[in-house]
Amino acid sequence: MSNTRHAELGLSDEKVLDMYRTMLLARKLDERMWLLNRAGKIPFVISCQGQEAAQVGASFALDREIDYVAPYYRDMGVVLAFGMTAKELMLSGFAKAEDPNSGGRQMPGHFGQKKNRILSGSSPVTTQLPHAVGIALAAKMEKKDFVSFVTLGEGSSNQGDFHEGLNFAGVHNLPVITMVENNKYAISVPIEKQIASKTVADRAVSYGMPGVTIDGNDPLAVYEAVKEARERAVNGEGPSLIEAVSYRLTAHSSDDDDRTYRESEEVEEARKKDSIITFAAYLKEVGILTEEVEKEINKSITDIVNEATDYAENAPYAEAESALKYVYEE
Amino acid sequence: MPVMSYIQAVTTALREEMHRDEKVFVLGEDVGKKGGVFRATDGLYDEFGEHRVLDTPLAESAIAGVGIGAAMYGMRPVAEMQFADFIMPAVNQIISEAAKMRYRSNNDWDAPITIRAPYGGGVHGALYHSQSVESIFANQPGLKIVIPSTPYDVKGLLKAAIRDNDPVLFFEHKRAYRLLKGEVPEDDYVLPIGKADVKREGSDITIITYGLCVHFALQAAEKLAEEGIDAHILDLRTIYPLDQEAIIEAAKKTGKVLLITEDNKEGSIIGEVAAIIAENCLFDLDAPIQRLAGPDIPAMPYAPTMEKYFMVNPDKVEKAMRDLAEF
Amino acid sequence: MASEKINMPQLGESVTEGTISTWLVSVGDKVNKYDPIAEVLTDKVNAEVPSSFTGVIKELVADEGETIAVGDLMCYIETEGGASEDTSERDAEPKEESINEKEVSADQSMKKRYSPAVLRMAQENDIDLSEVNGTGRGGRITRKDIEKVIKTGEMPKPASSEETAAPKAAGSVSSASKQAPVKQQETQAGDIEIPVTGVRKIIAENMVRSKQEIPHAWMTVEADVTDLVSYRNQVKNEFKQKEGFSLTFFAFFVKAVAQGLKEFPQLNSTWAGDKIIQRKDINLSIAVAKDQELYVPVIKHADEKSIKGIARDIYELAMKARSGKLTADDMRGGTFTVNNTGSFGSIHSMGVINHPQAAILQVESIVKRPVIINDMFAARDMVNLSLSLDHRILDGLVCGQFLARVKELLENTNQDNTNVY
């Protein structure tokens, strides 16, 4: 067993099974939210589907006790790995008072949970990147050995904040890892109309940091790249840019119809590389995901999703007047 | 009590706060070795080192955004925008992020950043080194905007801004930097954010203003006192959120109100002050609410004739005050 | 040759002063335009200041080490040729003339433009704004003007107010203007136009108000006051000598009316829309003329006073009216008006009620007339008492009873049962 890929990366069988379990939970929660949306129960969904491997693989490479993450709106896999629960995600989907992200104030996908060091995010894209750089600056100033990890889509890598933030991190040699989840579409505009350089990672050179492009459908490859980047960061070697290439399996959001801009054959082709399938196949191949284990995992995840849905659906909304609270410190 | 200039009060407040709390640090363009283009951070680099007086790349959104991130961690960043005019690239970070951080996270996260910027004209700064930008931010709940008028206020309010647990925009009038000098106590005092301050008691007319215009009003008031016109002057100090109570009280005091800003007239913060007075003081008003402000042109031109035409000055203030007194 | 000034330049956007660290020239040196003349230190920069002219340095005004404000004089330089035009900013616009005080006060165009504050304070303090002097532009009454009125207590009261004060017309002036919207009247040659102002205007307004608002009804009785007349004539000289003022017939009438009102308080009341307010105090307004003006001062608590007391009040109020010394207090609180129309020789008139009172009684001339008593002619002193009443409050029955009672009281006033004290 020591010659398996995950063992070579120092990952135990339990660890990789845990990775798979987290990926699958993200997928199943996401699928449930689409159903709830189409049933008219929640107004909006924005998906992680197709990007779970990159999200979970990266998170497992971080120190989930001390590192900070600044996720973007698709990162259900990241926040689950960092301690947010299925119930909490569902509460956010239903916009209920107990939602730890925002108490029902923000749309789903706008994550944030201080106790798990998940920075609060907004809808304007890439604004979280300078925040992650700021966290890294604090780590450096305070001489702490945590790192910050920030994600965004490839479309967002065209924003000024991407350039400004990474350049700042490069100049000041800060412990921040930036992972671009390249799912090949910015809503409807494909990558070739978004980015003039060959890859997003190519941009790293101008910020004075290494940039790598990896297979975002392979959680182990992502794990390896992020692990390496984290080591560099805590060793004072500065920031890294990682481009994890995968595919967005759903429409942009519940309000988008992707048939207007891409062929269904293209989506079907991408589904063959779906990490939920390929990683399960790997785990079966190395004998970790036995039929029995798979059955147990599927059952427990179904239970978790059902329970979370029921709980969130029945949970109370925030009082209307509570809209006035927390504009300033109270 | 030591007498210092407006800008020395800025430096003093920064220095004292950096000594008081290790989490306080300064970041911005040219704030380090040079000590700031106006020398507001003069000497801090030598005293605290490059890690706490950070020269950043020339990129305002990063200055604000990185500052916000550090603040979310628990640091107390004081970011400098070299000129208020150049804050525009950082507007997304300030309005979408800092202003909404506490609210959008339901009180889970906060962003206690202070953003300083020199504003205002009368220094041959032309269109892009003279603007008043406060009204852009003055309808963003979650933000606080402070504009001090005296060295004493600068020290007390900048300290308060740094200690405040919400984001504060701190606009300093660049012409006031070396023009205004005043007594500043050596002790560690803090002035309340959100409270206006009566700078002169009077019974004939009420002037409500802020920043450098407070001085124009005070100068004019002394002159008019010789003619028997007694002006009451309220310095807003915090222009967002406004101290409604103080505004109402000052307006009711005389029933004749002149509002002054150096900003363009339409859509300026004094329009909001006028609305507060109109809502609350109708039966105490003895004259139409008057506004003295810059003209509605994009910004102040370079040529001295046009600059003078734009700028509020003591003569214009005096004329407006007399006019209202005679009404 | 011409002498030019070189001033401290502004060396930086926020710089307001500079220190001359070193003079690079001395008096007598010839300098070309743009040659450096001094090193200047500011908070922001350390710079060499160039000469703005070609010429010879004449005087170094500022010393080395001296800090001077931007725009202040550094040195004089003697230049060739005529004085060059000073290109520095100049205040091109002429100073605005200060507004002539007298002109302002003569202009009364803003006199009736009341601000919300002025209106509120006038209403709260019952101030007649038409009587307040405005010190604002165009004669506008300022808030301060009202504050002053309130502070000093010299309050011109609105004539229409219930607690009547201020110059106010008696209710009986039948010549008062009758309709509010006045048609433009043509004037013929020789006609005199008299502006309607002051008290005349207020009289007019009050009369219109009373007639428009109050449905008037009238009633007259005749009283035989022969005994009253003989009694009064019998004691009047001694009274005048003793008291220093006259014992008028009117005092007897006022006394009788006060007594009548005590018994018929319905007449001592006020219409208040949804209710009628019956007054406890009997305060009788009396009309006193002065030139073209008419005042209605009040005899307070007339029911509690003797004839002498009433006579004294009448005397004093009349004196005050004629000397212009009536106070607001003298004219406040009337509940019923007794009008001495007899003094004009009138024998019958229909008074206009003194708003908001309920009635007015006209005491006409006492006339000696043949009257049949016990089927015989007798020469008797007769007087008509004409009552105008607010028909909303009062009806014929109660008024008839009231008049009958007053008549009875007057007819039984005689030497035997009446004491003026």
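What you are looking at is a predicted structure, and each value in this text was computed from that prediction instead of being measured.

## Structural notes on the overall build of chain B
(1) Moving on: Along chain B, the regular secondary structure elements total 13 helices and 14 strands.
(2) Moving on: Relative to a compact globule of 327 residues, whose C-alpha radius of gyration would be 20 Å, chain B shows 19 Å and is just as compact.
(3) Moving on: Its C-alpha atoms put chain B at 60 × 45 × 40 Å along the principal axes.
(4) Moving on: In chain B, buried positions account for 63% of the 327 residues.
(5) Moving on: Counting contacts in chain B only where the partners sit at least 6 residues apart, residues at least 24 apart contribute 80% of the total.

## Points about helix H3 (residues 60-73) of chain B
(1) Moving on: Between its terminal C-alpha atoms H3(B) stretches 20 Å, which fits the 20 Å expected from 14 residues at 1.5 Å a residue.
(2) Moving on: In terms of burial, H3(B) is largely enclosed, as 14 of its 14 residues are buried.

## Brief notes about the pairing of strand S13 (residues 257-264) of chain B
Residue and element names in this part refer to chain B.
(1) Moving on: Of all 8 residues that make up S13, 7 are buried, and the element is covered over most of its length.
(2) Moving on: Sheet topology note: the strand S10 (residues 205-209)/S13 ladder contains 3 bridges and is parallel. Residue Thr206 lies in a different strand from S13, and its bridge partner there is Val257.
(3) Moving on: At this point the chain moves from S13, through helix H11 (residues 269-280), to the parallel strand S14 (residues 290-294), and the crossover so formed is right-handed.

## Notes on the interface of chain A and chain B
Many analyses report the size of an interface as the accessible area lost when the parts associate.
(1) Moving on: Contact with chain A, which involves 32 residues of that partner, is made by 36 residues of chain B.
(2) Moving on: When contributions to the side of chain A that touches chain B are tallied by element, the ones reaching two or more residues are helix H6 (128-142) and helix H7 (160-171) of chain A.
(3) Moving on: For the side of chain A that touches chain B, the element with the highest residue contribution is H6(A), accounting for 9 residues.

## Here's the deal with the sheet that holds strand S3 (residues 30-31) of chain C
Residues and elements named next belong to chain C.
(1) Moving on: Strand order in this open sheet of 4 strands is S1-S8-S6-S3, and the pairing throughout is antiparallel. Both outer strands of the open sheet, strand S1 (2-7) and S3, are each paired with one neighbouring strand and no more.
(2) Moving on: Note that S1 and strand S8 (residues 73-79) share 6 bridges and pair antiparallel. Note that in S8 the partner of Ile6 across the bridge is Cys75.

## A word on the nonpolar core
(1) Moving on: Within the largest apolar cluster, 220 residues are counted, with the highest numbers of intra-cluster contacts made by A:Val133, A:Ala136, A:Val226, B:Ile207, B:Ala217, B:Leu258 and B:Met321.
(2) Moving on: Those residues in contact with B:Leu258 that sit more than four places away from it in its chain are B:Ile205, B:Ile207, B:Gln290, B:Leu292, B:Ala320, B:Met321 and B:Leu324.
(3) Moving on: Formed by 60 residues, the second largest nonpolar core is a distinct cluster that contains C:Val225, C:Ala256, C:Trp271 and C:Cys399.

## Concerning the domain arrangement of chain C
(1) Moving on: The assigned domain composition of chain C is domain 1 (2-79), domain 2 (104-152) and domain 3 (198-411).
(2) Moving on: One C-alpha centre belongs to domain 2 of chain C, the other to domain 3 of chain C; they are set 37 Å apart.

## Quick word on the interface of chain C and chain B
(1) Moving on: At the junction of the two partners, chain C supplies 19 residues and chain B supplies 23 residues.
(2) Moving on: Considering every element that reaches the side of chain C that touches chain B, the biggest residue donor is helix H2 (residues 116-124) of chain C, with 4 residues.

## Remarks on the UniProt feature "domain: Peripheral subunit-binding (PSBD)" (unreviewed entry) in chain C
(1) Moving on: The feature "domain: Peripheral subunit-binding (PSBD)" (unreviewed entry), as given by UniProt, occupies residues 113-150 of chain C in the numbering adopted here.
(2) Moving on: Across residues 113-150 of chain C, helical content stands at 45% and strand content at 0%; the span's end C-alpha atoms are separated by 20 Å.

## Here we look at the environment of C:Leu41
All names here are of chain C.
(1) Moving on: Within the secondary structure, Leu41 is located in strand S4 (residues 36-41).
(2) Moving on: Judged by C-beta crowding, with 16 C-beta atoms within 10 Å, Leu41 ranks as partly exposed.
(3) Moving on: With 26 residues separating them along the chain, Leu41 and Thr67 place their C-alpha atoms 8.9 Å apart.
(4) Moving on: When sequence neighbours within four positions are dropped, the list of residues in contact with Leu41 reads Gly18, Thr19, Ser21 and Asn46.

## Here we look at the UniProt feature "domain: Lipoyl-binding" (unreviewed entry) in chain C
(1) Moving on: Per the UniProt record, "domain: Lipoyl-binding" (unreviewed entry) is found at residues 3-78 of chain C.
(2) Moving on: From the first C-alpha to the last, residues 3-78 of chain C spans 5 Å; its make-up is 0% helix and 53% strand.

## Remarks on the sheet that holds strand S6 (residues 211-215) of chain A
Residue and element names in this part refer to chain A.
(1) Moving on: Spatially, the 5 strands line up as an open sheet ordered S1-S2-S3-S7-S6, and their pairing is parallel. The open sheet is flanked by strand S1 (68-70) and S6, the only strands paired with a single partner. Sheet twist, expressed as the average angle between the axes of neighbouring strands with direction ignored, equals 20 degrees.
(2) Moving on: Where S6 and strand S7 (residues 240-245) come together, 5 bridges link them in parallel fashion. Across the sheet, Gly211 pairs through a bridge with Leu241, a residue of S7.
(3) Moving on: Seen against the sheet, helix H8 (residues 219-234) touches strand S3 (176-182), S6 and S7 and runs at an angle of roughly 175 degrees to S7.

## Description of the confidence of the model for chain C
Residues and elements named next belong to chain C.
(1) Moving on: With 86% of its residues at a pLDDT of at least 70, chain C reaches an overall mean of 83.
(2) Moving on: At the low end of the mean pLDDT range in chain C sits helix H1 (residues 101-106), at 49; at the high end sits strand S16 (residues 336-339), at 94.
(3) Moving on: For the stretch residues 83-104, pLDDT sits under 50, and the model shows 8 contacts to residues farther than four places along the chain or on other chains.

Calculation notes
Residues numbered from 1 in each chain as written. Chains lettered and ligands numbered in written order. Predicted model: local features only at pLDDT ≥ 70, side-chain atom pairs only at ≥ 80, totals over all residues. Helix = DSSP H or I, 4+ residues; strand = E, 2+ residues; numbered from the N terminus. Rg over C-alpha atoms; globule rule 2.2 N^0.38 Å. Buried ≥ 20, exposed ≤ 12 C-beta atoms within 10 Å, placed from the backbone. Contact = placed C-beta atoms within 7 Å. Expected span 1.5 Å × (residues − 1). Pairing = 2+ DSSP bridges. Right-handed = clockwise from strand over helix to strand, strands pointing away. Core = buried A, V, L, I, M, F, W, Y, C linked by C-beta atoms within 7 Å. Domains from an automatic or database assignment. UniProt positions renumbered as here; feature names shortened; annotations may be inferred. Axes fitted to C-alpha atoms, helices over the stretch in contact; angles between N-to-C directions. pLDDT = per-residue confidence, 0-100.

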